[in-house]
Amino acid sequence: MEVTERDEAGHVFRIRIKPSTIGQVVFDANIEDDTSRASFLSFITKVFLPAGYPRSVSPGLSYQILNAAQAFCSSLASLLSSRATLEGYGVGNASASSTNALLLTVLQDISNRLTTIIAAFFFGSSLFPEAKTYRFLADLLNDAAIVIDTLSPLLASLYDAHVPRFVAVIPFLPPTVPLRVYTLCFSASMRALCGIAAGGSKTAITMHFATPLEGTGDVGDLNAKDSSKETVLALLGMLIGTITVPYLTTPWSTYTVLFIMVFLHLLINYIGVRGVIFRSLNRQRACLAWMAFKSKSGFINTPTRLASLEHILVHSNTILSLPSGNVIGHGDMGLSLTTCSLDPDIMEIFRHKRYVLCLDKKSSLHLGTKPSFHILLKHGYNLADQLHAWILACEITRLFSSMKTGKIGMKTLIQEALTTFDEDYSSFLEDLQKQGWMTDSEYHPPPLLPGSQIISFSSSAPKSVIIGISSTQYKKDQ
């Protein structure tokens, strides 16, 4: 009897049971990939790749490789930064004391913790939906901290030699405190911002890769194996750094190697982040998918195609056009009615919807302008309502940007967009599912969506929610 098995990594094994010896199992000598090289590769795969790879993760091996490679560049640059930081603590200075070094570390720690609290308050809810933006921003902040630390001795010497005397009496720059203290505290704050941005965005990316096209993934295993890869390359970078850093004795050589490593680090991260193909929707991807759906140029709104069109460093409220990718408008969600310019007729249009779309008070619908819209949410709204409202705002902006002459009012523009919007919107949702986006029947109201892995539009909780509209008020106003 012969039994064929497949392991978690997809390797096929044939097991032969001898009929002469009950219960004795003998492995066929002709097992697929049964070589010492294959065994070694299999061992490496189990150590550094999640169980069941590649079936247990989403496509995108390039990001995993590049994410590990960037750790190599970062570790080399960090060694140069650490050397300058130690100089700031007084290493090599006979007049320095351990007490001053301790107080400096305390100041850095205070700056780091305070910045963490403030950053979490302002940016915490934006990290998941805008994972690509904040993942790359984290690397920018980290490299900025490295550069500031490395340049701190040079900045301190330039400050002492060239800054005018009146600067020394500024209240928040006591003359007895060296400038290096401020630079090191500032770099600590930058690292705190990096930690907040990297932590939240990396969680979103990890959850993406742990949601394969078929089957299920393991977030914990994926995160652990990803950390293992980064650790190995970071150790390799430190090993090479310990060999090369002692030879970097001049400012020119130090700064040259520093900026090369920083440039490579940012380049690798940018390429890696652009290579992530999310199948969930945020504001930008939903906007691009709708524009591709309405485009007459044959654009196919697959996750892979739209990933190549995404803007990394762009605000979440930006509305983009296709195929140019230009900014044609803006849209904010969850603001107060006082920020809008509207009339009762517009409120009446959205009477039976759980949102109201209006024009910003400071914006206008003159040709050549980029209008700013606000989405006011009503009590009982859900994520499906947010998606519907955002797509409508994109459609209105698209219609306005396509106008060549004349002036149009907000009410007329909304009515024109709504003439075919509902029918097109249903077809749009069906097209999303066909193209491989993470979607299901729960996109349609009233059921709630299961979570941020499928759709996430709000960068924060709404500042205000409409809880009621009086019909009598319309009559009085009219």
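See the structure above.
The model shown is predicted, which means the values in this text are computed figures rather than measured ones.

A.B. asks: Honestly, the overall build of the protein chain in this entry has me stumped. Any pointers?
C.D. replies: Helix and strand content of the protein chain: 13 helices and eight strands. Considering the protein chain as a whole, with its 478 residues, one finds that 43% of them fall into the buried category. Contacts in the protein chain between residues at least 24 apart in sequence constitute 73% of all its contacts with a sequence separation of at least 6. Approximately 24,900 Å² of the protein chain is accessible, and the part contributed by carbon and sulfur atoms is 62%.

A.B. asks: Just to check I follow, could you spell out the pairing of strand S7 (residues 355-360) for this structure?
C.D. replies: Along a regular strand, successive side chains alternate from one face of the sheet to the other. Counted residue by residue, S7 has six buried out of six residues, so it is predominantly covered. With two bridges joining them, strand S6 (residues 340-341) and S7 adopt antiparallel strand pairing. Paired with Ser341 across the two strands is Leu359, which belongs to S7. Sheet topology places S7 next to strand S8 (residues 372-377); five bridges connect them, and they run antiparallel. Its bridge partner lying in S8, Leu357 is registered against Ile375.

A.B. asks: Would you mind going over the nonpolar core with me for this structure?
C.D. replies: Within soluble globular proteins, side chains that are nonpolar tend to cluster in buried spots. Membership of the largest hydrophobic core comes to 51 residues, with the highest contact counts inside it found for Trp390 and Ile391. Residue assignment for this core shows that the elements contributing at least two residues are helix H8 (283-294), strand S4 (318-320), strand S5 (327-333), helix H10 (344-349), S7, S8, helix H11 (383-401) and helix H12 (410-434). Counting residues per element, this core draws most heavily on H11, which supplies ten residues. Those residues in contact with Ile391, other than ones at most four positions away along the chain, are Ala286, Trp290, Phe421, Tyr425 and Phe428.

A.B. asks: Honestly, the side chain of Thr254 in this entry has me stumped. Any pointers?
C.D. replies: Turning to its location among the elements, Thr254 is positioned in helix H7 (residues 251-274). A residue is classified by how much of its surface remains accessible, and Thr254, at 8% relative accessible area, is buried. Apart from the residues within four sequence positions on either side, Thr254 is in contact with Leu80, Arg83, Thr150 and Leu248.

A.B. asks: Teacher, can you tell me more about the packing of aromatic side chains here?
C.D. replies: One pair of aromatic rings is described through two measures. These are the centre distance and the angle between the planes. Scanning the entire structure with this criterion turns up eleven aromatic pairs. Between the aromatic rings of Phe136 and Tyr270, the centroid separation amounts to 5.5 Å while the plane-to-plane angle is 70°, which identifies the pairing as edge-to-face. Of this pair, Phe136 sits in helix H4 (residues 131-162) while Tyr270 sits in helix H7, and the two are 134 residues apart along the sequence. We classify Tyr270 as partly exposed; its relative accessible area is 33%. Following the ring pairs from residue to residue traces out a cluster consisting of Trp290, Phe293, Phe421, Tyr425 and Phe428.

A.B. asks: In this structure, what is going on with the sheet that holds S4? I would like to understand it.
C.D. replies: The strands that make up a sheet are held in pairs by hydrogen bonds between backbone atoms, and each pair lies either parallel or antiparallel. Across the sheet, which stays open at both edges, the five strands sit in the order S4-S5-S8-S7-S6 with mixed pairing between neighbours. Of all the strands in the sheet, just S4 and S6 have a single pairing partner and so form its edges. Inspection of the sheet shows S4 paired to S5 by three bridges, in the antiparallel sense. In the sheet register, Leu320 faces S5, and the bridge partner there is Val327. Those strands touched by H8 are S4 and S5, and its axis lies near 25° from that of S4.

A.B. asks: What is the right way to read the environment of Arg398 from this model?
C.D. replies: For Arg398, the location among the structural elements is in helix H11. What makes Arg398 partly exposed here is its relative accessible area of 23%. Contacts of Arg398, omitting those with residues within four sequence positions, involve Met291, Lys294 and Ile328.

A.B. asks: Would you mind going over H11 with me for this structure?
C.D. replies: Residues that lie three or four places apart on an α-helix share one face, since the helix turns once every 3.6 residues. With 19 residues, H11 should reach 27 Å at 1.5 Å per residue; the first-to-last C-alpha distance of 27 Å fits that figure. Across the 19 residues that make up H11, a large majority, 16, are buried. Taking the backbone nitrogen of Ala384 as reference, a side-chain oxygen 3.0 Å away marks Asn382 as the first, capping residue of H11.

Rules of the game
- Residues numbered from 1 in each chain as written.
- Predicted model: local features only at pLDDT ≥ 70, side-chain atom pairs only at ≥ 80, totals over all residues.
- Heavy atoms only, no water.
- Helix = DSSP H or I, 4+ residues; strand = E, 2+ residues; numbered from the N terminus.
- Buried < 20%, exposed > 50% of the residue type's maximum accessible area, 1.4 Å probe, protein only.
- Contact = heavy atoms within 4.5 Å.
- Areas by Shrake-Rupley, 256 points an atom, 1.4 Å probe, with all protein chains shown as cover.
- Pairing = 2+ DSSP bridges.
- Core = buried A, V, L, I, M, F, W, Y, C linked by side-chain atoms within 4.5 Å.
- Phe/Tyr/Trp six-rings, centres within 6.5 Å; stacked < 30°, edge-to-face > 60°.
- Axes fitted to C-alpha atoms, helices over the stretch in contact; angles between N-to-C directions.
- Expected span 1.5 Å × (residues − 1).
- Polar contact = N/O pair within 3.5 Å; in protein donor to acceptor, adjacent residues only side chain to side chain.

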